[in-house]
Amino acid sequence: RKIHHGREQATSVVSTVFLGYAVGSPLAGYLSDHFRNRRGAIFIGAIGAALSFGAAVYIPGLPVWALYALMFSTGFFCGTQAIAFVIGRESNRPEAAGTAIAMVNMIVTAGAALFQPLIGIILDWVTPASDTAQDIGQISFTPEQFRIAFLPLVALMALSLVIIFLTRETHARQMVK
């Protein structure tokens, strides 16, 4: 079955990820400072993002209001990702803070640069040849095609849970003098 939401509505739903991030990121920073627990905040964020995103992608037939809520929630929980910059700074000597933050930024940016085209490649791969013969602006994808294309993101979210356990807790203080 084809997706029946128009481009404008789909764009609007996806845009709520950024609104959620704008709310979740500063709140996650505040809470991780307040409780002096960086890893816990990121862990909660990773689980929340995986559940929200997974529900949005893998539960069929959700009403549009639920998609808005799940995409906002995904962004909200992904906001904990900003704490990785702080962990990078706190885990290194103060004079290396700029380099540590730049490395975290490079990893975040590289992830986006790699996964956006990867999802497109997978969508092309799982789209039948008869669909690709259409004008590129008219191709519509089935929910199942999106579910397959988003598998790498779900796998990355699962991998992030493993990486969290390999990360040293800084307890909101400079670890290396």
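Please refer to the structure higher up on the page.
Participant: Would you take a moment to explain a nonpolar patch on the surface for this structure?
Facilitator: Judged by side-chain polarity, L156, L159, V162, I163 and L166 come together as a nonpolar surface patch covering roughly 470 Å² of accessible area. With respect to the helices and strands, the residue L156 is situated in helix α8 (residues 151–166). Take L156: its relative accessible area is 38%, and that puts it in the partly exposed class.

Participant: Got a minute to help me understand the layout of surface pockets in this structure?
Facilitator: Sizing a probe to match a water molecule and rolling it over the atoms shows the empty space that remains. Considering only enclosed or pocket space, the second largest pocket measures out at about 220 Å³ in volume. Lining the second largest pocket are 14 residues, with A28, L31, A41, I44 and T80 positioned closest to its centre. By residue class, the composition of the lining of the second largest pocket is eight nonpolar, six polar and no charged.

Participant: Any chance you could explain the nonpolar core here in plain terms?
Facilitator: Nonpolar side chains in soluble globular proteins tend to be buried together. Formed by 16 residues in total, the largest nonpolar core has its most connected members in F53, A56, M71, I119, L123, A149 and F150. Listed by contribution, the elements that provide at least two residues to this core are α2 (38–58), α3 (64–78) and α5 (97–126). Setting aside residues no more than four positions away along its own chain, F150 makes contact with F53, V57, Y58 and I119. By size, the runner-up hydrophobic cluster in this structure holds seven residues, among which are A41, I83, I87 and I164.

Participant: I tried to follow the environment of A155 on my own but got confused; where do I start?
Facilitator: Here A155 lies in helix α8. Take A155: its relative accessible area is 45%, and that puts it in the partly exposed class. Expressed as a C-alpha distance, the spacing of A155 and A50, which sit 105 residues apart in the sequence, is 9.4 Å.

Analysis parameters
- Residues numbered from 1 in each chain as written.
- Predicted model: local features only at pLDDT ≥ 70, side-chain atom pairs only at ≥ 80, totals over all residues.
- Heavy atoms only, no water.
- Patch = residues over 30% accessible without salt bridge, like charges linked within 9 Å, V, L, I, M, F, W, Y side chains within 5 Å.
- Areas by Shrake-Rupley, 256 points an atom, 1.4 Å probe, with all protein chains shown as cover.
- Salt bridge = Lys/Arg side-chain N within 4 Å of Asp/Glu carboxyl O.
- Helix = DSSP H or I, 4+ residues; strand = E, 2+ residues; numbered from the N terminus.
- Buried < 20%, exposed > 50% of the residue type's maximum accessible area, 1.4 Å probe, protein only.
- 1 Å grid on protein atoms, 1.4 Å probe; cavity = no way out; pocket = protein on both sides within 12 Å on 5 of 7 lines; lining within 4 Å.
- Points joined across faces, edges and corners; volume = space filled by probe spheres on them.
- Nonpolar A, V, L, I, M, F, W, Y, C, P; charged D, E, K, R; others polar.
- Core = buried A, V, L, I, M, F, W, Y, C linked by side-chain atoms within 4.5 Å.
- Contact = heavy atoms within 4.5 Å.

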